[in-house]
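Residue-level structure breakdown
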Amino acid sequence: MPAEVPLSRSRAEQFDDLVLDAVEELERRWERELAGVEFAVEDVPWVEHTSPDEVVLDADVLDDGSVPLARVLPAHREDGRDVPARIIVYRRPLEIRAHDPEDLADLVRDVVVDQVAVLLGRDPEEIDPTG
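About the criteria used
- Residues numbered from 1 in each chain as written.
- Predicted model: local features only at pLDDT ≥ 70, side-chain atom pairs only at ≥ 80, totals over all residues.
- Heavy atoms only, no water.
- Helix = DSSP H or I, 4+ residues; strand = E, 2+ residues; numbered from the N terminus.
- Buried < 20%, exposed > 50% of the residue type's maximum accessible area, 1.4 Å probe, protein only.
- Contact = heavy atoms within 4.5 Å.
- Areas by Shrake-Rupley, 256 points an atom, 1.4 Å probe, with all protein chains shown as cover.
- Pairing = 2+ DSSP bridges.
- Salt bridge = Lys/Arg side-chain N within 4 Å of Asp/Glu carboxyl O.

1. Points about the overall build of the protein chain
Looking only at helices and strands, the protein chain has five helices and eight strands in total. Counting from the amino terminus, helix and strand elements in the protein chain follow one another as α-α-β-β-β-β-β-β-β-β-α-α-α. Counting every position in the protein chain, which comprises 131 residues, the buried fraction comes to 29%. Long-range pairs, those at least 24 residues apart, make up 53% of the contacts in the protein chain between residues at least 6 apart in sequence. Element-wise, carbon and sulfur atoms account for 50% of the exposed surface of the protein chain, whose accessible area totals about 8400 Å².

If you want it as structure tokens, here you go:
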């Protein structure tokens, strides 16, 4: 397939596009508040296991039945430099929950809105009143 044909894009690239679409829409409304915030996609979350049956999730992880969907890392200083806030969206857990591509797009948007709300200390309905 030619590169400009959507079928030539991998599932990971298509997922990245969904996240970018959600972020761009929110940045139009919250440009100042989201300036400098980094958005990232990872395939799966890294979680700490304290025992074979116990998974420890940090308080900043959005989860669904103990499976992380996304995470907010607040801005901080590290080794004398400023590290910007970062929102990480986990691709595989979201893909598994979606019934179809439209459902996945809605789910990604909801998760990004929820994480932006956490980062900004606001209600998700305030971040996206149309959601």
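What follows continues from the structure just given.
2. Description of the pairing of strand 5 (residues 67-73)
The buried fraction of strand 5 is high, at five of seven residues. The sheet contact formed by strand 5 and strand 8 (residues 86-90) spans four bridges and is antiparallel. Opposite Val-72, over in strand 8, you have Ile-87 as the bridge partner.

3. Points about the environment of Leu-73
Turning to its location among the elements, Leu-73 is positioned in strand 5. Accessibility expressed as a relative area gives 26% for Leu-73, which makes it partly exposed.

4. As for the pattern of salt bridges
Where side chains of opposite charge bring their charged atoms close, a pairing between them can arise. Under the criterion given, the structure shown has 10 salt bridges. Here Arg-32 and Glu-33 are joined by a salt bridge, their closest N and O atoms 3.4 Å apart. Its salt-bridge partner being Asp-82, residue Arg-77 comes within 2.7 Å of it at the nearest N-O pair. One exposure class covers both Arg-77 and Asp-82, and it is exposed. Overlapping salt bridges bring together Arg-11, Asp-43, Arg-91, Arg-92 and Glu-95 as one network.

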